[in-house]
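Chain residues, written in single-letter form:
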Protein chains: 2
Amino acid sequence: MKLCGRKAQRTRAHGLHFFLANMHTCSLASKHDTLVKESIQFNKFLHSGIWYRSGMTDTSKKPPSRPRRVTAKTVADLAGVSRSAVSRAFTPGAYVESEKRRRILQIAAETGYQPNALAAGLKGGQSNLVAVFVGDMRSPYDAAFVGQLTRRLIGMRKWPILVDQANGQPEAALDDLLRFPLDALILRGGSMSQQIVERCARFNVPTISSGRPVEGPGVDTVCCRNADGLRRLTELLVQRGCRRFGFLNGPREFYSSSQRRTGVLQALTQAGLPLVAEARGDYTVEGGHAAALELLNRHRIDALICANDAMAIGALAAARAVSLDVPGDLAVTGFDDIDMAGWPIFNLTTVRNPIDQAVDAIIHLLDLRQAEPKKAPDRIDLDPVMIERGTH
Amino acid sequence: MKLCGRKAQRTRAHGLHFFLANMHTCSLASKHDTLVKESIQFNKFLHSGIWYRSGMTDTSKKPPSRPRRVTAKTVADLAGVSRSAVSRAFTPGAYVESEKRRRILQIAAETGYQPNALAAGLKGGQSNLVAVFVGDMRSPYDAAFVGQLTRRLIGMRKWPILVDQANGQPEAALDDLLRFPLDALILRGGSMSQQIVERCARFNVPTISSGRPVEGPGVDTVCCRNADGLRRLTELLVQRGCRRFGFLNGPREFYSSSQRRTGVLQALTQAGLPLVAEARGDYTVEGGHAAALELLNRHRIDALICANDAMAIGALAAARAVSLDVPGDLAVTGFDDIDMAGWPIFNLTTVRNPIDQAVDAIIHLLDLRQAEPKKAPDRIDLDPVMIERGTH
DNA sequence: TTGTACGCGTTATCAA
DNA sequence: TTGATAACGCGTACAA
């Protein structure tokens, strides 16, 4: 058993002179019309971040593809201490003589050294990487969701890898992604197809599905009570005198679509009213416009309930196109309460699908599972909020 | 009618007690009716992904916090081959007897083994991680940009870590992020403050700045010819008879703001016309509405050029509020050509800041630098496209 | 307080 | 074609 095998690599060429030589060639490469500026840049970069290239492999026939990061070993040599001292200098509670720590951090700053998170994660079991799956970033709701979630995750030093489901071949890409030891998988399942969500949930990575309940060990769920929201909204419309209802449904494979439809039907059944007309859109403004236009041309209704705000906004344009006054001739409502819904030009009556609460819940579930990885799946249900504006 | 009034209503009535109460009932509910299913699920998961826990550390006093991933060693033992054989089975061009490879892959599939990308990156020098910095996901332009870029990156198996600059303390977070050996840093600099952009560019990670030119070795740039775009647009308005111009500027610290203003001034100077009025918004619809409202109340103008589409859309509402007909009394124009600009309700005359071309350019620069890491900085300039619609 | 040695999971090299 | 072994960069138990 060879214990001191690493000692063999003492023949490395390094030291400050090496850096300078390296920097020199670098600055030559980028020489151009700004010669004076260059030297300023040079000094600036000397103190902010330096690439270290192994001297040994430099002479080999292979092109030294990419300069390597500065490593703890380099800093240790430069500071005349052991590599573990450098590691300790970067560990909050560790024992290092304060003067020595100061010197190490000084040199680290000059060389731009940062502990390699990948190597650290390899040992510690935590990568601090989290995958966030989302349906389509063009959807205002998804975009807002991602924005808020991202901020929260970064605040707790988890780094979100964003995956847009609209990719061509998610299957192969998914496998590649799961080669990373992710701390968690967050699915904005409400806007994703069943297939993808279920597939994701089968990997043994702690998973949180938002917007679609998923069964499976280690899979927690955050859900909005979709049916409740549209049931109450429909009741309100009935109470306001609407009698001939139309429903603009979302894509078949989205969970929220069927949930929301259920709420409408519950209220209508209760009131003894029929669903006069129904159409399907794709949750976009354009799709909603087209679907609503056709529906309004075929049927006479006095209320059009849309499965989300984007389609409702498209429907408003459609109503205008066929000269229907909103809300005089026709009530139009949405779901989600995206920012746009509140703009005076739309002033859309809708149901708020609370993003901030959903994100809070996700973070909470993340904490819980991190504390106890093998706990039973949890589920948090969120109550939607009626937002009465001017289109009903 | 106040557009930005809604921001004030931040009702955070929900705290931890809410979640706990909610969760308790829910988890009980879902656990209750699926007792039988549970064991089936268990078996299913046994064959789709297995966590392997080291037998040695199991007996130690520490709580075995998280089950470990299946590793190549495990698969090798199960298949009765060496670790290297497993590694080779997953390497496309490697020598493994086809029958042996088949067996290895079979067992890998059963155990859910995937090579650990972190460990592979540690060795190979490529992490396949890319950081994407963006101003604010609530901006439709940034959201669309991120969506397209994400899809392209994932297509080439680079994984985007999304960082929303709107975070509170980006400084500390930034340091933490850079502990990852990122393959590249992509900055949507047009919507970020100078400070952040320059700070990012100082790390010796291959960097691509989109929307703001940045000097530095290893920093490539993709830029839209902002000034050109608004110069041509202004010329068009002059030609159409506009004489009293107002300009709705963007945030001071955004590069695109001053660029776009320059274009307007060039055209006006050329035509011998003054800039009658000027105001600053924050690139949001709400901000644009407020700024435009005040500007229109103070000055009589016949053309309002806005530095981006979002503000222009806010300005349209402001014009309506002060009973100005667009385009009869007032021309209103934007910049970017976000989806919304094309909606019939807005039908906004604008200048397209081509996202697809920008993303293409970014990917191209990424490839170039990957092939030759030390090459001189490159810069690609994009030509904006006039989009004449109905507001001029 | 400091340094040595080992393990994390991979890929690459080299000898068999 | 295969298996042993050396890196990769880090944290850390352990000995000094």
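Reading the values: rules and limits
- Residues numbered from 1 in each chain as written.
- Chains lettered and ligands numbered in written order.
- Predicted model: local features only at pLDDT ≥ 70, side-chain atom pairs only at ≥ 80, totals over all residues.
- Heavy atoms only, no water.
- Helix = DSSP H or I, 4+ residues; strand = E, 2+ residues; numbered from the N terminus.
- Buried < 20%, exposed > 50% of the residue type's maximum accessible area, 1.4 Å probe, protein only.
- Pairing = 2+ DSSP bridges.
- Axes fitted to C-alpha atoms, helices over the stretch in contact; angles between N-to-C directions.
- Salt bridge = Lys/Arg side-chain N within 4 Å of Asp/Glu carboxyl O.
- Domains from an automatic or database assignment.
- Near = heavy atom within 4 Å.
- Polar contact = N/O pair within 3.5 Å; in protein donor to acceptor, adjacent residues only side chain to side chain.
- Nonpolar A, V, L, I, M, F, W, Y, C, P; charged D, E, K, R; others polar.
- Contact = heavy atoms within 4.5 Å.
- Phe/Tyr/Trp six-rings, centres within 6.5 Å; stacked < 30°, edge-to-face > 60°.

- Under an unreviewed UniProt entry, chain A has the name DNA-binding transcriptional regulator, LacI/PurR family and belongs to Ruegeria intermedia.

### Points about unusual backbone geometry
Then, number 1: Note the cis peptide between Val326(A) and Pro327(A), where omega equals 5°.
Then, number 2: Inspection of the secondary structure assignment puts Pro327(A) in the loop between α14 (309-321) and β9 (331-333).
Then, number 3: Not every positive phi belongs to a glycine, and Asp337(A) is a case in point at roughly 60°.
Then, number 4: Among the secondary structure elements, Asp337(A) is positioned in the loop between β9 and β10 (350-352).
Then, number 5: Look at Asp337(A) and you get buried, because its relative accessible area is 9%.
Then, number 6: At Asn128(B), a residue that is not glycine, the phi angle is positive and equals roughly 65°.
Then, number 7: Here Asn128(B) is to be found in the loop between α6 (117-124) and β1 (129-134).

### Describing the sheet that holds β9(A)
Residues and elements named next belong to chain A.
Then, number 1: With parallel pairing, the 4 strands of this open sheet are ordered in space as β7-β6-β8-β9. Taken across any chain shown, the strands that pair with only one partner, and hence form the sheet edges, are β7 (275-280) and β9. Strand-to-strand twist of the sheet, defined as the mean angle between neighbouring strand axes without regard to direction, takes the value 15°.
Then, number 2: As paired strands, strand β6 (residues 245-249) and β7 are joined by 5 bridges and run parallel to one another. Paired with Phe247 across the strands is Glu278, a residue of β7.

### Thoughts on the pattern of salt bridges
Then, number 1: A full pass over the atoms with the stated rule returns 42 salt bridges over all chains.
Then, number 2: Across the pair Arg240(B) and Glu388(B) runs a salt bridge whose closest N-O atoms are separated by 3.2 Å. Of the two residues, Arg240(B) is situated in the loop between α10 (226-239) and β6 (245-249) and Glu388(B) in the segment after β12 (385-387); the sequence distance between them amounts to 148 residues.
Then, number 3: Overall, Arg240(B) belongs to the partly exposed group, its relative accessible area being 49%.
Then, number 4: Salt bridges sharing partners connect three or more residues here, namely Asp220(A), Arg369(A), Lys375(A) and Asp378(A).

### Concerning the domain arrangement of chain A
Size of an interface: often given as the accessible area lost when the parts come together.
Then, number 1: Splitting chain A by domain gives domain 1 (72-115), domain 2 (129-225 + 357-384) and domain 3 (226-353).
Then, number 2: Between the C-alpha centres of domain 1 of chain A and domain 3 of chain A the distance comes to 62 Å.

### Details of the protein's contact with DNA strand D
Then, number 1: Neighbouring residues of DNA strand D: 28 residues in total, closest Thr71(A), Ala72(A), Arg83(A), Ser87(A) and Arg88(B).
Then, number 2: Ala72(A) places a polar main-chain atom, nitrogen or oxygen, 2.7 Å from a phosphate oxygen of DNA strand D.
Then, number 3: Between Ser87(A) and DNA strand D, the recorded distance is 2.7 Å, taken from a side-chain N or O atom to a phosphate oxygen.
Then, number 4: For the surface near DNA strand D, the elements supplying multiple residues, two or more each, are α5 (83-89) and α7 (117-124) of chain A together with α4 (83-89) and α6 of chain B.
Then, number 5: Here the surface near DNA strand D is built from residues that sort into 9 nonpolar, 8 polar and 11 charged.

### Structural notes on the sheet that holds strand β9 (residues 331-333) of chain B
All names here are of chain B.
Then, number 1: One open sheet accounts for 4 strands, arranged β7-β6-β8-β9; its pairing is parallel. Two strands lie at the open edges of the sheet, namely β7 (275-280) and β9, each paired on one side alone. Shown here is a sheet whose adjacent strand axes are inclined to one another by a mean of 15°, direction ignored.
Then, number 2: Here β6 pairs with strand β8 (residues 303-306) via 4 bridges, running parallel. Bridging from a neighbouring strand, Gly246 pairs with Leu304 of β8.
Then, number 3: Lying on the sheet, helix α11 (residues 255-271) is in contact with β6, β7 and β8; it crosses β6 at an angle near 170°.

### Brief notes about the environment of Ile186(B)
Then, number 1: Among the structural elements, Ile186(B) can be located in strand β3 (residues 184-188).
Then, number 2: Excluding residues that lie within four positions of it along the chain, Ile186(B) makes contacts with Val130(B), Ala131(B), Val132(B), Phe133(B), Leu149(B), Leu153(B), Ile208(B) and Ile362(B).

### Here we look at the packing of aromatic side chains
The description of an aromatic ring pair rests on the distance of the ring centres and on the angle between the ring planes.
Then, number 1: Inspection of the entire model under this criterion finds 7 aromatic pairs over all chains.
Then, number 2: Judged by centre distance (6.0 Å) and plane angle (80°), the rings of Phe346(A) and Phe346(B) are edge-to-face. On the criterion of chain membership, the pair formed by Phe346(A) in the loop between β9 and β10 and Phe346(B) in the loop between β9 and β10 (350-352) is interchain, its members lying in two chains.
Then, number 3: You can call Phe346(A) buried: its relative accessible area is 3%.

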